[in-house]
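Structural overview
Here is what each chain is made of, one letter per residue.
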Amino acid sequence: MEVEFSGDGITLPDCKFEYLDHTADVQLHAWGSSLKEAFEQCGMAMFGYMTELPYVDIKHCYKIEAEADDIEGLLFHFLDELLFLFCAEPYLICRKLEIIKFESNNKIECLCYGEPFEIGKHPQGTEVKAITYSAMQILQNPENNFFEVFVIIDI
């Protein structure tokens, strides 16, 4: 669902993700000072694998929702919704994600800022076919304000 958006006052977060080698796919490793931030960074890692994020302008804002029965399912469905946003009209590639609702490990609402993907403007990275549960890890250390997620994506 597209939401009202003026584009003013958008600040981009620091990059807190990396790509790890995997036999046939790629593993996303993201972190943050909260689980919400680690999820946002994991979504950005996925988009960063599809194109070079500095080429993406913030022109539109869409809202997505994801629900699940547990935290791993929530991460899976969150990333799956982001992938669907890219794979279906308007083919949105995101430069910033802002989770506005993160409920007790079972519901997320996220604002997705970006623009439609355009060949010629956005360098083609690798196509992401699907999100997997394979080797998914969510590590939480609230005492140190450090949260990590590991997700393998099918490319």
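Report on the accompanying structure. All values reported here derive from a predicted model rather than from experimental measurement.

1. Examining the overall build of the chain
Looking only at helices and strands, one finds two helices and eight strands in the chain. Counting from the amino terminus, the chain carries its helices and strands in the arrangement β-β-α-β-α-β-β-β-β-β. Expressed as lengths along the three principal axes of its C-alpha atoms, the size of the chain is roughly 40 × 35 × 25 Å. For the chain, the residues scored as buried account for 45% of the 155 residues in total. Within the structure as shown, the chain displays about 7900 Å² of accessible surface, and the carbon and sulfur contribution to it stands at 46%.

2. As for a negative patch on the surface
Where like charges cluster on the molecular surface, the negative patch consists of Glu65, Glu67, Asp80 and Glu81. At the level of elements, strand S3 (60–67) and helix H2 (71–87) are the ones that each hand at least two residues to the negative patch. Residue classification places aspartate 80 among the partly exposed residues on the basis of a relative accessible area of 32%.

3. Thoughts on the packing of aromatic side chains
Summed over the entire model, instances satisfying the criterion amount to six aromatic pairs. A ring pair is formed by phenylalanine 39 and phenylalanine 102, whose centres lie 5.4 Å apart and whose planes are at 85°; its orientation type is edge-to-face. Here the residue phenylalanine 39 occupies a position in helix H1 (residues 35–50), and phenylalanine 102 occupies one in strand S4 (residues 92–103), the gap between them amounting to 63 residues. Classification of phenylalanine 102 by relative accessible area gives partly exposed; the value is 25%. In this structure an aromatic cluster arises from ring pairing among Phe17, Tyr19 and Tyr49.

4. Here's the deal with the sheet that holds strand S5 (residues 107–116)
Taken in spatial order, the three strands make up an open sheet running S3-S5-S4, and their pairing is antiparallel. Either end of the sheet is taken by a strand with one partner, and the two such strands are S3 and S4. Across the sheet, the axes of successive neighbouring strands diverge by a mean angle of 25°, strand direction being ignored. When S3 meets S5, the two strands line up antiparallel, connected through eight bridges. Within S5, the position partnered with isoleucine 64 by the bridge is cysteine 110. Its contacts with the sheet put H1 on S4 and S5, and the angle it makes with S4 is roughly 165°. In the packing of H2 onto the sheet, contacts are made with S3, S4 and S5, and the angle to S3 comes to roughly 145°.

5. Side note on the pattern of salt bridges
For the coordinates displayed, the defined rule picks out nine salt bridges. A salt bridge links lysine 101 to glutamate 103; its shortest N-O distance comes to 3.3 Å. Judged by its relative accessible area of 30%, lysine 101 is partly exposed. Put simply, Lys63, Lys101, Glu103, Lys107 and Glu109 are held in one network by salt bridges that share partners.

Conventions adopted
- Residues numbered from 1 in each chain as written.
- Predicted model: local features only at pLDDT ≥ 70, side-chain atom pairs only at ≥ 80, totals over all residues.
- Heavy atoms only, no water.
- Helix = DSSP H or I, 4+ residues; strand = E, 2+ residues; numbered from the N terminus.
- Buried < 20%, exposed > 50% of the residue type's maximum accessible area, 1.4 Å probe, protein only.
- Areas by Shrake-Rupley, 256 points an atom, 1.4 Å probe, with all protein chains shown as cover.
- Patch = residues over 30% accessible without salt bridge, like charges linked within 9 Å, V, L, I, M, F, W, Y side chains within 5 Å.
- Salt bridge = Lys/Arg side-chain N within 4 Å of Asp/Glu carboxyl O.
- Lys, Arg positive; Asp, Glu negative; His and termini not counted.
- Charge placed at Lys NZ, Arg CZ, Asp CG, Glu CD.
- Phe/Tyr/Trp six-rings, centres within 6.5 Å; stacked < 30°, edge-to-face > 60°.
- Pairing = 2+ DSSP bridges.
- Axes fitted to C-alpha atoms, helices over the stretch in contact; angles between N-to-C directions.
- Contact = heavy atoms within 4.5 Å.

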